[in-house]
Amino acid sequence: MADGSFYFHLHPLKEKLTKKYPRRDNEINTLLGLFAVPEEQMLPSLIVYGLSSTGKTSILLELLTLVKVKHCVVNCIEAYTNRLLLKPIIETFLGQERCETENIRCDSIMQFVHLLKAESKSNKTFRESPHIIVLKNCNKLSEIQLQAFARISELTEKDNLCCIMITQIVPSQFNFNYPIQTIVFPQYSKDDLLCILWSQRPPEYPEEFYRDYLNLFLGYFLHVCRDLKELKNWVKIVFNKYVEPIEKKELKLSDSNLRSLLFRAIKPYLQKITNCVYLGTDFSIKGAVEPESKLGNSAIDLPMYTKYLLIAAYLASFNSPKYDKRLYLKGSDKAKKRAAIKHTAEKSVKQCLGPKAFSLNRLLAIFYAICDEPVNLTVNIYSQIASLIELRLMMHTNSDNLDEPKFKTTAPFSCVEDVGKNIKFDLKNYLLGV
Amino acid sequence: MDEPFSGHATVMVPLLRRCLKSKIRNSSELEGCSAQRTQLTNLITRVVQFGESDSALICGPPGSGKTKLVSTVLKELQGKHDFFLVKLNGLIHTDDNLALKEIVQTLNADESIVEEASGSFAGNLTAILETLINDSSTVDRPIVFILEEFQLFCSHRKQTLLYTLMDASQSTKVPVCVIGVTSCFEVTQLLEKRVKSRFSHNQIFLYPPNDFNSRLELFKHFVTFKDEDVDVDVDDLSISPGVYSFLWHEEVQKVIDNPKVIEVLKRQFGVDKNEQTFRNTMLMVISEIDLERNQFLSADLIIRIFNDTFRDFTVFALRGLSVLELCLVIAMNHQTNQYDDEPFNFGMVYRRYQKFTNECSVLVQSSRAVLLKAFQKLINLELISPVNIHSKEVLKDFNLYRFNVTNEQVQEAVKNFPDLMPAIKEWATSVC
């Protein structure tokens, strides 16, 4: 009897997986228990849930390939229509050639269910062998699709058809009225991460040395990021910097206080680099500039009046029009002005709600108030507004009235502040509640 | 463990697993609800025997055996009477045209009718029904329509299908029986007036069994087996399955007698009466039976697997975040608590975070760009959801979000978070 020996072929398989994916033993065991033996009945549907880069997809797919179950993977982000979603599944299950020669179409779940039903009626091997549908990022499916796939084995009347949905979203967000079992892939703990990163150590350095480095690295990075993929990326970059003094022969591996010396050398870099996590680039490298400061730099190159216009736009967006008279009218009572500012200080939350729309007239009025020199209202000024919009420092808001266009500023505070400093204009004096 | 015994286990465990798993997956017979059963049988019999058209709705929470009830009754009647059966499912037949296609296919009607009758959808369906009348071979052959997930048909355009079917059940010469199956109790509220007035308002209610003892019986049924259930080829073995089976049942008895096991079973029954949930969990339990770790069923195993089903995944997700992301979550929690569940945007959360890091000297403040990324991650995990999704008017920084996590969940996650700084813990528990 072949069954008697299935554990013998299961064992090397398990070892292979646990070796390739360290610290995932429990999850591998559970999945093997569920899917390793094709003769056994499967769950009708299953959710595999875990945060990003916890090994959900790679472990599941490798395991299904190793136990040789017929399965089909669809990434639901790509499958934005029914046809894109269902066609690959049908092609895997019925064979691609057959689908082409018989010109099988599958545009709706109805056709899909009919095709599978007909196939299991006519084809004995199809009926008796297990089939698995794997849906990645299943949160992108519509509600009806999700419900249908959750009970796909019931709908197609094929007991050994299972739908596995992989998701990063908490399963309780889905509104199934059909109970689904969930398997959880927990986030790696610090020990797990140490173990995994340790397994990929560079061979040319002594083990003790690399372990020290990893502890230091994780001590800084774990605070910001626990995503394994991201950590794997950074651990290499930082290590190259870490061993720089050794590579340059400034320090030797045999130095007695090597650790503290290296730490002293790397510390400022580490502090800086933790601010670049997830951003994709190392900003300490020459040439790479942070996007926000880039914006500020380009704004500084603007012509004089445009700078004033930008500041005027910012003030118009963030100050309520009812304080305009106190703020900009020459000769208004200073004491009154200060009181007004004090009074509104508590309303600073308003700043967070984003810019408000303002009319062209208000913008020009504030512009004349803050601009010391007398400027003629010429077409030049108007064209400056257009260029500000083109630079995406200002935007046109939808207003129904064609005669009275409304605007909003999109420039961040830091950028406008820089511009203000550049023309010796103290923005904070005019901004209420900052 | 002595040698001859492990020999038993090697052979028996795979067989046992297969046997128990198929026992769990194969649904049992319909039990109870005899009143509803007679009601439904009478209703359909009146249609198929005496040609009195009728309609009915079967309502019951998920897992209360609605589909099973319908299929049992129909199976019984199909032997006795001659009628067409059209099964529609709201999940599959997502619009009226698909449903019409299905009807045409099952009734073996000529597909050309659909193309010929270029008129309205209702016209098409009536045309089909009329051809059936005129067709001599099917004179007065009754049609039974089963509409599963009935509530989904209500959202079809103008409810044309429902209207046509209900209208047919009132007027056509062909006897028609329309049976809707739904887990939505207020479904009649969703019906249009013209549909509602044609519906007979026959409603059959089903309730899930409220008896824990039957659940316990089911549990016993799932974990025990008779020797003849397991198809052991005795000639192949030098030893009979009796020894292993004896030991297995001894362990099972121990498990059933364990009050802690009864407690978890009761707890699941109290939370979710759906039998499918229980079946799923039991399948997980049986999957854990293997040669290395669990040769037999044990109380610990059952308690562990059942307890896993009660896990709060949101707390789980929060515990998997980085400290920085957790800080943002705490800031959002404070923000929502203070402003009575008002939505917030990135700027407000950032302000709170800044305030906290300025006060707390141990923590290094992260840059705005990194925080924005962390914020984005929380959006992707749907821990926070945008108030208005498709608004180009609002800038990214100022878009408003709602917090999908409760204060209790945040506190729970903070309590169990590995190596969390005491300062952050204090911040999370403080009231501001």
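Residues numbered from 1 in each chain as written. Chains lettered and ligands numbered in written order. Predicted model: local features only at pLDDT ≥ 70, side-chain atom pairs only at ≥ 80, totals over all residues. Heavy atoms only, no water.

An unreviewed UniProt entry annotates chain B as Origin recognition complex subunit 4 originating from Bemisia tabaci. Quoted verbatim from the Function (unreviewed entry) heading of the UniProt record, the comment on chain B is "Component of the origin recognition complex (ORC) that binds origins of replication." Of chain B, the UniProt comment under Sequence similarities (unreviewed entry) reads exactly: "Belongs to the ORC4 family." (UniProt positions renumbered as here; feature names shortened; annotations may be inferred.)

As named in an unreviewed UniProt entry, chain A is Origin recognition complex subunit 5, taken from Bemisia tabaci. What the UniProt record of chain A gives under Sequence similarities (unreviewed entry) is the line "Belongs to the ORC5 family." According to the UniProt record, the Subcellular location (unreviewed entry) comment for chain A reads "Nucleus".

All right, on to the overall build of chain B then. Across its full length, chain B carries 21 helices and seven strands. The buried share of chain B, taken over its 432 residues, is 51%. Of the contacts made within chain B by residues no fewer than 6 positions apart, 76% connect residues no fewer than 24 positions apart. Accessible area of chain B: about 20,200 Å², with a carbon and sulfur share of 49%. (Helix = DSSP H or I, 4+ residues; strand = E, 2+ residues; numbered from the N terminus. Buried < 20%, exposed > 50% of the residue type's maximum accessible area, 1.4 Å probe, protein only. Contact = heavy atoms within 4.5 Å. Areas by Shrake-Rupley, 256 points an atom, 1.4 Å probe, with all protein chains shown as cover.)

One non-glycine residue, Lys424(A), lies in positive phi territory at about 55°. Within the secondary structure layout, Lys424(A) lies in the loop between α22 (413-422) and α23 (427-430). For Lys424(A), a relative accessible area of 77% gives the class exposed. Not every positive phi belongs to a glycine, and His201(B) is a case in point at roughly 60°. Note that His201(B) resides in the loop between α10 (193-198) and β5 (203-205). Classification of His201(B) as partly exposed rests on a relative accessible area of 41%.

Attention now moves to the sheet that holds strand β7 (residues 394-397) of chain A. All names here are of chain A. The three strands are arranged β6-β8-β7 in an open sheet whose pairing can be described as antiparallel. Each edge of the sheet is formed by a strand with only one pairing partner; in this case those strands are β6 (358-359) and β7. Pairing analysis gives four bridges linking β7 to strand β8 (residues 406-409), with the strands arranged antiparallel. The partner of Met-395 across the bridge, within β8, is Lys-408. Its contacts with the sheet put helix α21 (residues 379-390) on β7 and β8, and the angle it makes with β7 is roughly 95°. (Pairing = 2+ DSSP bridges. Axes fitted to C-alpha atoms, helices over the stretch in contact; angles between N-to-C directions.)

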